[in-house]
Amino acid sequence: MPPISRREFVRTTASAVALGAALSATSRTLHANPLGLPIGCQTWPVRASIAKDFRGTLKELAAAGFQTIELCSPVGYADSGFGGLGKFKGSELRSILHDEGLTCVSSHFSIGELRKNQDDRIAWAKDVGLTQMLVPSLDGPKNPTLDDVQRAADEYNRMGERAAAAGIVQGLHNEDFELTQLDGKRTYDLLFQLLDPRFVKFQFQVSTISEGYDAAEYFNKYPGRFISMHVQGWSASDRKIVPVGQGTLDWKKIFTAAKTGGIKNYFVEMDLPLMKASVPYLRHLQVG
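Overview of the structure. (Residues numbered from 1 in each chain as written. Predicted model: local features only at pLDDT ≥ 70, side-chain atom pairs only at ≥ 80, totals over all residues. Heavy atoms only, no water.)

Looking at the overall build of the protein chain
Part 1 of the reasoning: Helix and strand content of the protein chain: ten helices and twelve strands.
Part 2 of the reasoning: Among the 288 residues that make up the protein chain, the fraction classed as buried is 47%.
Part 3 of the reasoning: Sequence-distant contacts in the protein chain: of pairs separated by 6 or more residues, those separated by 24 or more amount to 78%.
Part 4 of the reasoning: For the protein chain, the accessible area works out to roughly 14,000 Å², and carbon and sulfur atoms hold 52% of it. (Helix = DSSP H or I, 4+ residues; strand = E, 2+ residues; numbered from the N terminus. Buried < 20%, exposed > 50% of the residue type's maximum accessible area, 1.4 Å probe, protein only. Contact = heavy atoms within 4.5 Å. Areas by Shrake-Rupley, 256 points an atom, 1.4 Å probe, with all protein chains shown as cover.)

Focus: the sheet that holds strand β5 (residues 169-172)
Consider a sheet: its strands pair through backbone hydrogen bonds, and that pairing is either parallel or antiparallel.
Part 1 of the reasoning: Spatially, eight strands are ordered β1-β2-β3-β4-β5-β8-β9-β12 in a closed barrel, and the strand pairing comes out parallel. When strand polarity is set aside, the average angle formed by the axes of neighbouring strands in this sheet is 30°.
Part 2 of the reasoning: As defined by bridge partners, strand β9 (residues 226-231) adjoins strand β12 (residues 265-268) across four bridges and the pair is classed as parallel. Along β12, the bridge assignment pairs S228 with N265.
Part 3 of the reasoning: In the packing of helix α7 (residues 187-194) onto the sheet, the strands contacted are β5, β8 (200-205) and β9, and the crossing angle to β8 comes to about 160°.
Part 4 of the reasoning: Along the sheet, helix α10 (residues 272-284) makes contact with β1 (40-42) and β12, crossing β12 at roughly 140°. (Pairing = 2+ DSSP bridges. Axes fitted to C-alpha atoms, helices over the stretch in contact; angles between N-to-C directions.)

Let's talk about the packing of aromatic side chains
Part 1 of the reasoning: Evaluation of the coordinates by the stated rule reveals 22 aromatic pairs.
Part 2 of the reasoning: A centroid spacing of 6.0 Å and a plane angle of 20° characterise the contact between Y213 and Y218, whose relative ring orientation is stacked. Take Y213 and Y218: they sit in the same class, and that class is buried.
Part 3 of the reasoning: Ring-pair connections join several aromatic residues into one group, and the members of that group are Y188, F192, F202, F204, Y213, Y218, F219, Y222 and F226.
Part 4 of the reasoning: Positioned above the aromatic ring of W44, the side-chain terminus of R47 is 4.0 Å from the ring centre. (Phe/Tyr/Trp six-rings, centres within 6.5 Å; stacked < 30°, edge-to-face > 60°. Lys NZ or Arg CZ within 6 Å of the ring centre and 35° of its normal.)

A few points about unusual backbone geometry
Part 1 of the reasoning: With a phi close to 70°, L35 is a non-glycine residue in the positive phi region.
Part 2 of the reasoning: With respect to the helices and strands, the residue L35 is situated in the loop between α1 (6-30) and β1.
Part 3 of the reasoning: A positive phi angle, close to 50°, is found at D176, a residue other than glycine.
Part 4 of the reasoning: Along the chain, the position of D176 falls in the loop between β5 and β6 (181-182).

Structure, rendered in structure tokens:
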């Protein structure tokens, strides 16, 4: 091989460095978290730890690989381990989360606290830096009539409109009332007809596959109507929750459909050991 000049060496080395950087960036993209979103978790499974040591719990979640969390309101969830967070101003909570390397744009609120004083809860949400306020359920009866569903939807549309005026997305999870049926139809599907897409988005609980509610099916059926999802692995044979990536769910299919559904973030929600075991899979899941 003929000797290489200094100029050629410098030029060749620079090209190699640029190529290496490009390949590294490509590698990071190929192994990005699904949808390029930060790996999140719901804090409900660690509520007991939060009640004892909030900062310590945040450190543990961050060390496990979670980058963002979804809180539960210290007012609506005061008796579930979150009441102690009420001693912090919203801005203080925001700083604590930042100090621990975590972001938080979403929290669950009870429908009752929003009925009592939604404006106050919106103000707190904005202080924390939230852009999404979710309720777990509209809290309707177990055997609803169409009037029951209509009343619940009308009330939540008004809440959603008030939140939207403040720059907040109001969202609805699917638990209890939402999983009831009316004249052979799913209440959940009726709510997609009755809730105003301008003011209300949906958060899908993946584990409702146990009741026949398929995440990918709903994301494709109602494009753009979703804001987030709670993620659980599921074993159909054992009928139990397992770490994400184990069990029988097709996660590539779910996350691909999530793009159609409009998903902006997702939160793993299981017992802490299962949540931790889910992180490596999510880190390397490739979704086309």
